[in-house]
Amino acid sequence: MDTLNKDDSGSDQTPKMPEHVAIIMDGNGRWAKQKGKLRTFGHKAGVESVRASVRFARTHKITALTLFAFSSENWKRPQDEVSVLMKLFKLVLTSEVKKLHANGVRLKVVGDLSPFDPKLVQKIKDAEALTQHNTELHLNIAANYGGRWDIVNAAQSLAQQVASGKLNPEDINETSFNANTAFADLPALDLLIRTGGEKRISNFLLWQCAYSEFYFTDTLWPDFNENSFLDAVISFNERQRRFGKISEQVI
Ligand code: FPP
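K.L.:
Can you walk me through the nonpolar core in this structure?
P.N.:
Here is a general trend for soluble globular proteins: nonpolar side chains tend to be buried in one another's company. Within the largest apolar cluster, 42 residues are counted, with the highest numbers of intra-cluster contacts made by Val 21, Ile 23, Leu 65, Leu 139, Ile 193 and Phe 229. With seven residues, helix H3 (residues 79-102) is the single largest residue contributor to this core. Not counting residues within four places of it along the chain, the set of residues in contact with Ile 193 comprises Val 21, Ala 22, Ile 23, Ile 24, Tyr 215, Phe 224, Phe 229 and Ala 232.

K.L.:
When you look at the packing of helix H2 (residues 39-59) against helix H7 (residues 226-238) in this model, what are you seeing that I'm missing?
P.N.:
Geometry of a packed helix pair, given as the angle between the helix axes and the separation of the axes. Running from amino to carboxyl end, H2 crosses H7 at an angle of 55°, the nearest separation of the two axes being 9 Å. One finds that H2 runs oblique with respect to H7. The interaxial crossing formed by H2 with H7 has right-handed handedness. Contacts between H2 and H7 involve Ala 52, Ser 53, Arg 55 and Phe 56 from the former and Glu 226, Phe 229, Leu 230 and Val 233 from the latter.

K.L.:
Which parts of the structure should I look at to understand the sheet that holds strand S4 (residues 137-145)?
P.N.:
By way of backbone hydrogen bonds, the strands of a sheet pair with one another, either parallel or antiparallel. Reading across the sheet, the six strands line up as S3-S4-S2-S1-S5-S6 and stay open at both edges, with parallel pairing between neighbours. The outermost strands of the open sheet, each flanked by one partner alone, are strand S3 (105-110) and strand S6 (213-216). Neighbour to neighbour, the strand axes of the sheet diverge by 20° on average, direction disregarded. Pairing of strand S1 (residues 20-24) with strand S5 (residues 191-194) involves four bridges; the strand directions are parallel. The partner of Ile 24 across the bridge, within S5, is Arg 194. On the sheet, H3 packs against strand S2 (64-71), S3 and S4 and is oriented at approximately 160° with respect to S2.

K.L.:
I tried to follow H3 on my own but got confused; where do I start?
P.N.:
Helical geometry: 3.6 residues make up each α-helical turn, so side chains three or four residues apart lie on a common side. Between its first and last C-alpha atoms H3 spans 35 Å; for 24 residues at 1.5 Å apiece the expected length is 34 Å, and the two agree. The sharpest bend along H3 measures roughly 45° and falls at Glu 96. Inspection of H3 places Glu 81, Val 82, Leu 85, Met 86, Leu 88, Phe 89, Leu 93, Glu 96, Val 97 and Leu 100 among the buried residues, and these make up the whole buried set. Structurally, H3 contributes buried residues whose contacts are with H2, S2, S3, helix H4 (118-131) and S4. Residue Gly 104 follows H3 closely and has a positive phi angle near 75°.

Thresholds applied
Residues numbered from 1 in each chain as written. Predicted model: local features only at pLDDT ≥ 70, side-chain atom pairs only at ≥ 80, totals over all residues. Heavy atoms only, no water. Core = buried A, V, L, I, M, F, W, Y, C linked by side-chain atoms within 4.5 Å. Buried < 20%, exposed > 50% of the residue type's maximum accessible area, 1.4 Å probe, protein only. Helix = DSSP H or I, 4+ residues; strand = E, 2+ residues; numbered from the N terminus. Contact = heavy atoms within 4.5 Å. Axes fitted to C-alpha atoms, helices over the stretch in contact; angles between N-to-C directions. Parallel < 35°, antiparallel > 145°, perpendicular 65-115°, else oblique. Left-handed = near helix turned anticlockwise from the far one by under 90°. Pairing = 2+ DSSP bridges. Expected span 1.5 Å × (residues − 1). Bend = angle between axes of the 7 residues up to and from the residue.

Here it is as structure tokens:
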């Protein structure tokens, strides 16, 4: 991959890395179907793409990687599929956490964990406790997460602080609101990637994506690898982020 950092003249073309990347991992079912297999075969294959993405983020010193593993709407899927996904989360947590910890990765699972099996929740809590002081990469798995859920939670938390006299309503602003969202301790979301060809956010990081760049690829999630991640970063580098200013002001 190093060779990709140099152009023909030998000058350094190292792409600037986004600080915080989020991925909507879509296309597992279609990938499996194309191979004449069950949809769950695609989810299992998708785990290798999760590993590749974490590897890429670590190697390139991306600060935070947030993966959409299970949306609040995914409960509506056939019971068999939901059950395989839950087993897969448990399996991955068991098999990967030590390695993540050894590599300095802080793991957080973000979302409403109340409907999950208590054994799975305990595994999540243990993994978070073990890795909480790591700083190499902040890996967030969004599970039973929804962008609207996150915004409603923040509003409720602020309302409670006002009701208990800890906060003045006039002090509710973008900064204090953000501080009450699920990803408050992370850098702003720079890049949102969606695999699988669809071009929508599907109730993912609604508050956080206000000034993010979007990268949509037809690549199905199990085919997404480190080179695919690099393509997304190269595309990110081609964008001019103006944050409301005009082009001349940001050059
Ligand atoms: C979307 O593809 C994918 C999911 C709902 C599950 C994602 C889960 C994994 C990649 C495996 C485990 C991950 C972790 C972090 C442990 P889809 O099923 O909607 O695909 P389709 O659009 O082709 O039907």
